[in-house]
Amino acid sequence: MADPTRPLPNLVPQPDGSWTGRTVLTPTSFTTRGLFTLPPSKVVPVIVVPGIMGSNLRAATSPAMRANEVLDPGEPAWRAPNGTFEGLNTSRKWKKYDAGTRQLLLDGRTLETDNRGDIHLPLEARNYGMTEAEVRQRSWGEVHWDSYGNLLYGLHVGLNHTFEMDQLDNVRVICRHWKDVMECDPAKWGVRGIDKVSEEELEKHAGYYYPVYACGYNWLESCADSARRLRQRIERIIAFWTERKRECRQVILVTHSMGGLVARACAKEIPDLILGVIHGAMPALGAPVCYRRIACGTEKWSPSNGKVDNVKAEHIAEILGEMPKDTMAVMATAPGALQLLPNHLYPQPWLHVSLVSRINNKDVPRDVVHLPVGNPYDMYRDFDAWYRLADPDLADPAGKYKGSPGIREIMWKAIGSAEEFHRQTLGTYYHPNTYAFYGADPGHMSFGAVRWVARDPGTGAVFTESNLRGAVGNGYGPSGGRRVQVEGRTNLHFVPARQDVAGDGTVPHQSGAGPRGKVGQLFDVRGFDHQGAFNADAILLLTHHLIVKLVQKLP
């Protein structure tokens, strides 16, 4: 039997092509041997690109950038909470902020990514030589740990530990986590059958080293700006390994939600530097929930939530903004947020105005108005209709744009940036080696459409598409509702309807399935919610499976 060993911190690559490691001297009575593991010389970095609000942000430290009016340089501006206790404290803090403070805090032009976020490595990480200092150098601190820590850690361990020696028989065996990948029921990935990973493919996979990185970005700014940041990160990572005399030519991108849009724009510019892309829960065509949250405030309830999840939803709404005055103050001028709106490829119509009449003691709903018709960005630029996306009177509570350009011009420009990104920068591009998964789960209802619903007062007034579209807004009601007067005499109170289609709780299946026919394979996976997508065991196994398949494309 082999002598017992203890893992030492991972080796550090040197410019001359060598590796160095550090340990400490131990007493002669301590007979357990220290073990360094020498990685392969061929390197395929894996970069995780998070979704909106998944990157930690701070007030800019560069004198060249605008100063944040609320925070000192370097002070945290946004960190999504980790754990229930932190979530409660964060919700209490944000609930106290008025709309003007929110606008000044989350002014995208004054913020930058922050690598000082929480990193909670499990105790077993020491068995793999992992240290917080090492993974923070790979930017793990830039992203929300509760959402991406499981993915980052799982990939780091799984990808770099393929085979091991059986201690009893002293023969090589496949590591347990890879057996789980090979034995996973394809039905858990939403397919009837799949080309399973073979031992021969694992042999090739094991010939590469997979350093795992994160790449946060300023999600308030345009995805085009974030794509440039990702490109710079990719080029620096490849240069780092090349300068240390390692064979490193391409990276693999693993994306979540909005990160998929960022990665697609980046891959369009440098396809040869990217071996492949795995998209998770991407709003490929946008998501009506974005309109709903800007126009009405953040929803506090879902029909597919249990009691506990609805309590969590209430706290999330307190953080993101419960009322339209809170959400418009941040999102109405943020190009990144507006790029998540249903774009020109999303199935139309998806915005409806509905009346409920009482007939034979039953409530009978009737959709009267159906929007958008044609270019959805024209509807977003309509700041005067009562069903408008954003209200200029609510979009600048801090008075930042009282001069020239005014708030209407700033909003117009931000929406134009969103349209340009989807029509010109991104288009329908996907990297040639792309896989994607999405949710179409009735247990995680999403907004496939948004409905403004009011009760017919039964006064005999006739409501048509023309007079409802031309009605005049008279202010806002509770729960994000809007008061409307039709033809100068009939008052209605419209409220947003609940989620209506299967999805992942945020992205509806229509948008998640947007890559169909444009990617190597699309997986309809059930049983995960949007923000926690990569915390699902089936998703982590699928990600490992797809990375092995991508590696087979290397010469």
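All values reported here derive from a predicted model rather than from experimental measurement.

J.: Which parts of the structure should I look at to understand the overall build of the protein?
T.: Counting its secondary structure elements, the protein contains 17 helices and 23 strands. Relative to the 2.2 N^0.38 estimate, which gives 24 Å for 555 residues, the radius of gyration of the protein is 26 Å and therefore close to what a compact globule would have. Taken along the three principal axes of its C-alpha coordinates, the protein extends 90 × 55 × 45 Å. Taken across its 555 residues, the protein has 54% of its residues classed as buried. Taking as baseline every contact in the protein between residues at least 6 positions apart, the subset at least 24 positions apart corresponds to 76%. Surface accessibility of the protein: about 24500 Å² in total, with carbon and sulfur atoms responsible for 51%. The distance from the centre of the 63 positive side-chain charges to the centre of the 60 negative ones in the protein is 2 Å.

J.: Before we go on, may I ask you to explain the sheet that holds strand β8 (residues 111-113) in this structure?
T.: The pairing of strands in a sheet happens through backbone hydrogen bonds and is either parallel or antiparallel. An order of β7-β6-β8 is seen for the three strands of this open sheet, with the pairing classed as antiparallel. Every other strand in the sheet has two partners, leaving β7 (76-78) and β8 as the edge strands with one partner each. Within this sheet the neighbouring strands show an average axis-to-axis angle of 45°, counted without direction. Where strand β6 (residues 57-59) lies against β8, three bridges are found, and the strand directions are antiparallel.

J.: Can you walk me through the packing of aromatic side chains in this structure?
T.: Here the distance between the centres and the angle between the planes together describe a pair of aromatic rings. With the rule as written, the count across this model stands at 14 aromatic pairs. Taken together, a centroid distance of 5.2 Å and an interplanar angle of 85° make the contact between F240 and W241 edge-to-face. Aromatic rings pair up to connect W78, W94, Y97 and W219 into one cluster. In this arrangement the basic side chain of K42 is found over the ring face of Y208, its NZ or CZ atom lying 4.7 Å from the centre. Lying over the aromatic face of W412, R381 brings its terminal NZ or CZ to 5.5 Å of the ring centre.

J.: What am I meant to see in helix α17 (residues 537-551) here?
T.: Turn by turn, an α-helix covers 3.6 residues, leaving residues three or four places apart pointing in a common direction. With 15 residues, α17 should reach 21 Å at 1.5 Å per residue; the first-to-last C-alpha distance of 22 Å fits that figure. By the criterion of burial, α17 is predominantly enclosed, with 13 of the 15 residues buried.

J.: Would you mind showing me how to read the pattern of salt bridges here?
T.: Charged atoms that come close allow side chains of opposite charge to pair. With the rule as written, the count across this model stands at 36 salt bridges. For D114, the salt bridge goes to R58, with nearest N and O atoms at 3.9 Å. Of this pair, D114 sits in the loop between β8 and α3 (132-137) while R58 sits in strand β6, placing them 56 residues apart in sequence. Its salt-bridge partner being K300, residue E322 comes within 2.6 Å of it at the nearest N-O pair. With E322 in the loop between α10 (307-320) and α11 (324-331) and K300 in the loop between α9 (288-296) and α10, this residue pair connects regions lying 22 residues apart in the sequence. Salt bridges sharing common partners tie together R58, R79, E112, D114 and R116.

J.: What exactly am I supposed to notice about the sheet that holds strand β11 (residues 212-214) here?
T.: One open sheet accounts for six strands, arranged β11-β5-β12-β13-β16-β23; its pairing is parallel. Each of the sheet's edge strands pairs with one partner strand only, and the pair in question is β11 and β23 (521-525). On average, each strand axis in the sheet is inclined to that of its neighbour by 15°, with strand direction left out of account. The strands that helix α4 (residues 145-159) touches are β5 (46-49), β11 and β12 (251-256); relative to β5, the one it contacts most, it runs at about 170°. Sitting on the sheet, helix α8 (residues 258-269) touches β5, β12 and β13 (274-280), and the angle it makes with β12 is about 145°.

Rules and cut-offs
Residues numbered from 1 in each chain as written. Predicted model: local features only at pLDDT ≥ 70, side-chain atom pairs only at ≥ 80, totals over all residues. Heavy atoms only, no water. Helix = DSSP H or I, 4+ residues; strand = E, 2+ residues; numbered from the N terminus. Rg over C-alpha atoms; globule rule 2.2 N^0.38 Å. Buried < 20%, exposed > 50% of the residue type's maximum accessible area, 1.4 Å probe, protein only. Contact = heavy atoms within 4.5 Å. Areas by Shrake-Rupley, 256 points an atom, 1.4 Å probe, with all protein chains shown as cover. Lys, Arg positive; Asp, Glu negative; His and termini not counted. Charge placed at Lys NZ, Arg CZ, Asp CG, Glu CD. Pairing = 2+ DSSP bridges. Axes fitted to C-alpha atoms, helices over the stretch in contact; angles between N-to-C directions. Phe/Tyr/Trp six-rings, centres within 6.5 Å; stacked < 30°, edge-to-face > 60°. Lys NZ or Arg CZ within 6 Å of the ring centre and 35° of its normal. Expected span 1.5 Å × (residues − 1). Salt bridge = Lys/Arg side-chain N within 4 Å of Asp/Glu carboxyl O.

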